[in-house]
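# Working through the structure, step by step
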Amino acid sequence: MAILPILQYPDERLHKVAKKIERVDDSIRKLVRNMAETMYAAPGIGLAATQVDKHIQLIVLDVSEKHDDLKVFINPVLLESLGEEESEEGCLSVPGIYEKVRRAERISVGALDENGKQFTLDAVGLLAVCIQHEMDHLQGHVFVERLSHLKQTRIRAKLKKQRRETL
């Protein structure tokens, strides 16, 4: 397995729309393992293929406390969304930034697992937020783009300063 480089906002590659996966094969399963290792090492609770510069519809996430409940979503489709809630989000592509974002409170999503088997999952709370956040990545959106223009400008400036300080 390998730890993959994670694209950092505002990298333009984060805005590419991911393509549907036509066949779930060993190369996809290998990417799942590498993405999971990358996510756990970061550490994070979710990672979309777009964030590792693979523009296919693949998400891995694990919101469990022990990091022992990896979920894989291939070609995820939002089937239903209910209610609305605001919760704080962060992102491996936007390190050190946390902001409140409004999303559906409850969702139902359909996808394929790493073996190509179709499934449906109903989610609430952190799991629902994480799925929606990662699905945004597949559409070429980063969570900060859901914020006001002023907050986006402040975040870009803060990230630019962080990058200068690490050089």
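Residues numbered from 1 in each chain as written. Predicted model: local features only at pLDDT ≥ 70, side-chain atom pairs only at ≥ 80, totals over all residues. Heavy atoms only, no water.

### Considerations on the pattern of salt bridges
Between side chains of opposite charge, a pair can form as their charged atoms come close. Per the stated rule, a full pass over the model turns up 11 salt bridges. Note that Asp69 is salt-bridged to Lys71, the shortest N-O span being 3.0 Å. Asp69 gets classed as partly exposed once you look at its relative accessible area, which sits at 36%. Residue Lys71 is classed as partly exposed on the basis of its relative accessible area, which comes to 23%. Arg102 is the salt-bridge partner of Glu86, the closest N and O atoms lying 3.8 Å from each other. You can see Glu86 sitting in strand β4 (residues 85-91) and its partner Arg102 sitting in strand β5 (residues 94-103), a full 16 residues away along the chain. In this structure Arg102 comes out as partly exposed when scored by relative accessible area, which is 44%. Connected through salt bridges with shared partners, the residues Glu89, Arg103, Asp136 and Arg146 form a single ionic network. (Salt bridge = Lys/Arg side-chain N within 4 Å of Asp/Glu carboxyl O. Buried < 20%, exposed > 50% of the residue type's maximum accessible area, 1.4 Å probe, protein only. Helix = DSSP H or I, 4+ residues; strand = E, 2+ residues; numbered from the N terminus.)

### What about the pairing of β4?
Looking at chain direction, β4 and β5 are connected through 6 bridges and run antiparallel. Residue pairing across strands places Glu85 opposite Arg103, the latter belonging to β5. Between β4 and the antiparallel strand that follows it, β5, lie 2 residues. (Pairing = 2+ DSSP bridges.)

### A look at the packing of aromatic side chains
For the coordinates displayed, the defined rule picks out 1 aromatic pair. Centroid distance Phe73 to Phe119: 5.5 Å. Interplanar angle 50°. Geometry classified as tilted. On the criterion of sequence distance, the pair formed by Phe73 in strand β3 (residues 71-82) and Phe119 in strand β7 (residues 118-124) is long-range, its members being 46 residues apart. Take Phe119: its relative accessible area is 24%, and that puts it in the partly exposed class. (Phe/Tyr/Trp six-rings, centres within 6.5 Å; stacked < 30°, edge-to-face > 60°.)

### Remarks on unusual backbone geometry
Residue Pro10 follows Tyr9 across a cis peptide bond; omega there is 15°. Mapping Pro10 onto the fold places it in the segment before α1 (26-41). In this structure, the amide linkage connecting Ala42 to the following residue, Pro43, adopts the cis form with an omega of -15°. Inspection of the secondary structure puts Pro43 in the loop between α1 and β1 (46-48). Located in the positive-phi region is Asp53, a residue other than glycine, with phi close to 65°. Examined against the element boundaries, Asp53 turns out to sit in the loop between β1 and β2 (58-61). Although it is not a glycine, Asn75 adopts a positive phi angle of roughly 55°. One can find Asn75 in strand β3. The class for Asn75 is buried, based on a relative accessible area of 9%.

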